[in-house]
Amino acid sequence: MGENRICSGVDVVDVYRKTITELSKKERPQEAAELLQVNWFQVTGRVDCSKISNFFDFPRSKTYEIFQVVKFNIDAFGWHKVPIKFKVVSDGRCRQRAEKLEAYRRNNNQWHEIKGGEFTVVHGRKGLVDIGMFETESDWWKGGMVLSAVKIKAKA
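Remember, predicted model here, so these are calculated numbers, not experimental data. (Residues numbered from 1 in each chain as written. Predicted model: local features only at pLDDT ≥ 70, side-chain atom pairs only at ≥ 80, totals over all residues. Heavy atoms only, no water.)

Next up on the list: the nonpolar core. Among the nonpolar cores identified, the biggest contains 16 residues, and F41, F72, W79, L101, M133 and M145 are the most heavily contacted of them. Of all the secondary structure elements, the ones that give two or more residues to this core are β5 (41–48), β6 (62–77), β7 (84–90) and β11 (143–154). The element that contributes the greatest number of residues to this core is β6, accounting for three residues. Formed by twelve residues, the second largest nonpolar core is a distinct cluster that contains I66, V129, V150 and I152. (Core = buried A, V, L, I, M, F, W, Y, C linked by side-chain atoms within 4.5 Å. Buried < 20%, exposed > 50% of the residue type's maximum accessible area, 1.4 Å probe, protein only. Helix = DSSP H or I, 4+ residues; strand = E, 2+ residues; numbered from the N terminus.)

Structure (structure tokens):
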């Protein structure tokens, strides 16, 4: 069944309003957002479950994984100090995890798929799944991360 980019309407919000977010083409056909220098940020999106049901042909419920596709520039900074939170809200349940992204930063200038969580869709179900990646608690400056896409993959 592979992977699909169903989530095209992803919003990048600079919560602290002291950043520059630049939209540009980055080695991929779709647009990417580069976080140049931020204290706090939120990346949010919403997935329509009926589109997933139509996209994948399956007879019953299926679990999907969400991945944030990012890369770090060679001069990226500040990702070692504070964990970044990933959130999935589906069927009224909020699942959240946190991870420091320093290991990904060390492998700069290559695309990484960072797991943001998972959710289950029952065939024919209508509804929305909210997804997010954020850091809104620290005053630690960070920058040099390029956000390219959100991938949804059927879990094996």
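So, on to the pattern of salt bridges. One pass over the structure, following the stated rule, counts eleven salt bridges. The residue E102 makes a salt bridge to R106 at a minimum N-O spacing of 3.8 Å. In this pair, E102 and R106 are both assigned in helix α2 (residues 102–106), four residues apart and thus about one turn of the helix distant. Overall, E102 belongs to the buried group, its relative accessible area being 14%. Connected through salt bridges with shared partners, the residues E65, K115, E118 and K155 form a single ionic network. (Salt bridge = Lys/Arg side-chain N within 4 Å of Asp/Glu carboxyl O.)

Glancing now at the packing of aromatic side chains. Counting across every chain of the model gives three aromatic pairs. Judged by centre distance (5.5 Å) and plane angle (65°), the rings of F72 and W79 are edge-to-face. By the burial criterion, F72 is buried, and W79 matches it. Connected via pairs of aromatic rings, a cluster forms that spans F41, F72 and W79. For the cation-ring pair, K153 lies above F67, with the distance from its terminal atom to the ring centre recorded as 4.9 Å. (Phe/Tyr/Trp six-rings, centres within 6.5 Å; stacked < 30°, edge-to-face > 60°. Lys NZ or Arg CZ within 6 Å of the ring centre and 35° of its normal.)

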